[in-house]
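Results of the structural survey
Single-letter residue listing:
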Amino acid sequence: AAGKMGYMKAKIQSKDPYQMNKDLFVRLIEDDKWPFFRAAASCTEKVPYSSINEHVTQQRKAKKYEAEVAMPLNNEKGTRPRYFYFVITDCSLEFYMHDKSIPKLHYRVETWNDGSHVAADESHLKMLHTITLLVSLLVAALLGLGVVIQLYENSSVHAAMFWVLAAAISDALSSLLEVIHLKLYAGNGVGSYFLDALSAHMEAVCDALVVLLLLSVAAGWTLPSDVVRVQHNATFVQKIIGGLKSPFGALSSPSTTTFFAIGIIVLHIALAQWGRVYNDDFDSYHDFAHLPGKVLMLLRACLGLVFIGACFQTRVRCPISLHAFYVKFASVGALWFFSLPVLTTIVNTLVVYHQRHFMIGVWSAACQSTSIVLLSWLVTAHSTSYHKLSHMSVAQESLADSLTSASMSSREPKSFSMLMGNAKVRLD
């Protein structure tokens, strides 16, 4: 896509000469003519829809036959960024049977948009990732400061703060790596595959951490055992989600909940890598434009249903004072789970192609940054009825917790000591 003025250069090579040079053309088609070009039945009927037609003339160079074609992408009179399509045609093939005499053609295409290799429909990405980088870094810095203060004042801190801190750092690293990749891409049109891939994987890790934290809190993690009543006659799925009430206990003693949590992380990372088989473009993973993206959206929607079910099951077993909190928590969490799948479905159905990337990318980044900010508030605030009962802000154990911990085996640790005096990280 080009903004006001772009440029295209194509190099076409073949081992043997293309004997029918007089009919070989590179044609430029603008996005509003592209549907008509594709719908035309024959090559000769397609030609009128192309705005520029450059004849390809090969010359022998170092045992190869080469041709170079260049053309401007003029959009100075346009009111929006415009997509340009390039095709190589030989209309004579419709009339003469000489397929066997046609050599295999190799081509390399370079495009510029106002002097940069970054397309006009992706020009917002640098600013977008810079903003998310700053937001995530600020959240991570404040959480880090909060951890230090709590360790200094109370000699203990809850693991939930480190959980959100890890998500914020993952998001910040993802944005930082993508900003570096975009800087390189603007100059050479290639960028860094490694940095771009690592950025996608860090974003996938951030998504997985947010999912697991939301499900754990929905299952009743951090609430004392005398606050959440024991669930009897639980189904298989309820037992898996119920295991997240003690996520670190599930890690220390492998169970179906352990494999469920690991599966969520592995699936997010695998889908991010799978998406790169279709397209190296960072945000195409969230564009619902290919199978991995569709699987991701389906996965998020299914996990959203599990999250809502867990919230209302925990609400039923909690005191009335926590009912309002879990309704609000379910509403905000459901917005995170379902907003992106719904938006991608609407956008990819109703919105024109050149506007999809911007809308989905901005909403995805805004949603992720907002979730990290809200989760940081959740693990540091002390103002709601939830926080008055939660172990996030209450370091001491209730009588029921003391009796429970005395009867529990060592496979479910409630805290572990850090390498700094008597400081502890609370895991309950």
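Keep in mind that what you see is a predicted model, and the values were worked out from it rather than measured. (Residues numbered from 1 in each chain as written. Predicted model: local features only at pLDDT ≥ 70, side-chain atom pairs only at ≥ 80, totals over all residues. Heavy atoms only, no water.)

1. Side note on the side chain of Ser339
Put simply, the test is: The helix and strand labels rest on DSSP assignments: H or I over at least four residues marks a helix, E over at least two residues marks a strand, and numbering proceeds from the N terminus. A 3.5 Å cut-off defines polar contacts: any pair of N or O atoms within that distance qualifies, except that in protein one atom must be a possible hydrogen donor and the other a possible acceptor, and neighbouring residues in sequence count only when both atoms are side-chain atoms. We call two residues in contact whenever any of their non-hydrogen atoms come within 4.5 Å of each other.
Topologically, Ser339 is positioned in helix α10 (residues 323–350). There is a polar contact of 2.7 Å between the side chain of Ser339 and the backbone oxygen of Leu335. In terms of polar contacts, Ser339 uses its side chain to reach the side chain of Trp363, at 3.3 Å. Apart from the residues lying within four places of it in its own chain, the contact partners of Ser339 are Ala334, Trp363 and Cys367.

2. Details of the packing of aromatic side chains
Stated precisely, the cut-off is as follows: Planes of paired rings set the category: under 30 degrees apart is stacked, over 60 is edge-to-face and the rest tilted, where pairs are Phe, Tyr or Trp rings (Trp by its six-membered ring) whose centres lie within 6.5 Å. Throughout, exposure labels follow a simple rule: accessible area from a 1.4 Å probe, protein chains only, divided by the maximum for the residue type, with under 20% read as buried, over 50% as exposed, and the rest as partly exposed. Note on geometry: a ring has a charge over it if NZ (lysine) or CZ (arginine) is within 6 Å of the ring centre and within 35 degrees of the ring normal.
Counted under the stated rule, the structure contains 15 aromatic pairs. Seen from their ring centres, Trp221 and Phe248 are 6.0 Å apart, and the 50° between their planes marks the pair as tilted. Here Trp221 is found in the loop between α5 (193–218) and α6 (236–242), whereas its partner Phe248 is found in helix α7 (residues 247–252), with 27 residues between them in sequence. Their ring planes at 85° and their centres at 6.4 Å tell us that Tyr326 and Tyr386 sit as a pair that is edge-to-face. Highlighted residues: Tyr326 in helix α10 and Tyr386 in helix α12 (residues 385–389), separated in sequence by 60 residues. Judged by its relative accessible area of 1%, Tyr326 is buried. Sitting above the plane of the Tyr193 ring, Arg276 keeps its charged end 4.5 Å from the centroid.

3. Things to note about the sheet that holds strand β5 (residues 64–74)
Using the following cut-off: For two strands to be treated as a pair, DSSP must find no fewer than two bridges joining them. Note on definitions: angles span 0 to 180 degrees between N-to-C directions of axes, and those axes are lines fitted to C-alpha atoms, for helices only across the stretch in contact.
Taken together, four strands build an open sheet; the order of strands is β4-β5-β1-β7 and the sheet is antiparallel. Looking at which strands have only one partner, the edges of the open sheet turn out to be β4 (59–61) and β7 (105–113). The sheet shows a mean angle of 30° between the axes of neighbouring strands, taken without regard to direction.

4. A word on α10
Applicable threshold: The span expected for a helix works out to 1.5 Å for each residue beyond the first. A residue's bend is the angle separating two fitted axes: one through the seven residues that end there, the other through the seven that start there.
Helix length check: α10 (28 residues) gives 39 Å between terminal C-alpha atoms against 40 Å at 1.5 Å per residue, within 8%. In the structure, α10 departs most strongly from a straight axis at Phe338, where the bend amounts to approximately 40° and where the proline Pro341 lies between one and four residues downstream.

5. Observations concerning the confidence of the model for the chain
The condition that has to hold: How sure the predictor is of each residue is captured by pLDDT, a score from 0 to 100.
For the chain, the average pLDDT comes to 84, and 88% of its residues sit at 70 or higher. A low-confidence stretch, residues 395–412 (pLDDT under 50), is modelled with 21 contacts involving residues beyond four sequence positions or located in other chains.

6. Notes on the nonpolar core
To keep things clear, this is the line we draw: Residue types Ala, Val, Leu, Ile, Met, Phe, Trp, Tyr and Cys, when buried and joined through side-chain atoms within 4.5 Å, form a set referred to as a nonpolar core.
Within the largest apolar cluster, 63 residues are counted, with the highest numbers of intra-cluster contacts made by Leu214, Phe307, Tyr326, Phe329 and Tyr386. Elements that contribute at least two residues to this core include exactly α3 (125–154), α4 (159–188), α5, α8 (256–278), α9 (291–316), α10 and α11 (353–380). At 11 residues, α5 tops the list of elements feeding residues into this core. In contact with Tyr386, other than residues within four places in its own chain, are Val217, Trp221, Thr222, Leu223, Leu322, Phe325, Tyr326, Leu378 and Met392. Ranked by size, the runner-up nonpolar core spans 14 residues in total, among them Met8, Tyr18, Val26 and Leu28.

7. Notes on the sheet that holds strand β3 (residues 52–55)
The strand order β3-β2-β6 describes an open sheet built from three strands, whose pairing is antiparallel. What marks the edges here is a single partner per strand, and that holds for β3 and β6 (84–90). Between one strand axis and the next, the sheet turns through 20° on average, direction left out of account. Pairing geometry for strand β2 (residues 24–30) and β6, over seven bridges, is antiparallel. Bridge pairing in β6 places Arg27 opposite Val87.

8. Quick notes on a nonpolar patch on the surface
Formally: What goes into a patch is any residue over 30% in relative accessible area without a salt bridge, connected to like charges within 9 Å or, for nonpolar side chains (Val, Leu, Ile, Met, Phe, Trp, Tyr), within 5 Å. Using a 1.4 Å probe, the Shrake-Rupley method yields the accessible areas, and only the shown protein chains count as cover for residues. Whenever a carboxyl oxygen of Asp or Glu lies within 4 Å of a side-chain nitrogen of Lys or Arg, that contact is scored as a salt bridge.
On the surface, a nonpolar cluster with roughly 370 Å² of combined accessible area is contributed by Ile169, Leu173, Leu176, Ile180 and Leu184. Along the chain, Leu184 turns up in helix α4.

9. Side note on the state of the cysteines
Going by this rule: Two cysteine sulfurs form what is called a disulfide whenever their separation falls within 2.5 Å.
Within this structure, the stated rule accounts for one disulfide. Linked covalently through their sulfurs, Cys43 and Cys91 form a disulfide whose S-S length is 1.9 Å. With the S-S bond torsion at -65°, the cross-link from Cys43 to Cys91 turns out left-handed. One end of the pair, Cys43, is in helix α2 (residues 43–46); the other, Cys91, is in the loop between β6 and β7, and 48 residues separate them in sequence. Judged on exposure class, the residue Cys43 and its partner Cys91 are both buried.

10. Considering the pattern of salt bridges
Under the definition given, this model contains seven salt bridges. Note that Glu68 and Lys11 form a salt bridge whose closest N and O atoms lie 4.0 Å from each other. Separated by 57 residues along the polypeptide, Glu68 in strand β5 and Lys11 in strand β1 (residues 5–14) bring together distant segments of the chain. Judged by its relative accessible area of 34%, Lys11 falls in the partly exposed class. Here Asp32 and Arg82 are joined by a salt bridge, their closest N and O atoms 3.4 Å apart. On the criterion of sequence distance, the pair formed by Asp32 in the loop between β2 and α1 (34–39) and Arg82 in the loop between β5 and β6 is long-range, its members being 50 residues apart. Several salt bridges converge on common partners, so that one network encompasses Glu30, Asp31, Asp32 and Arg82.

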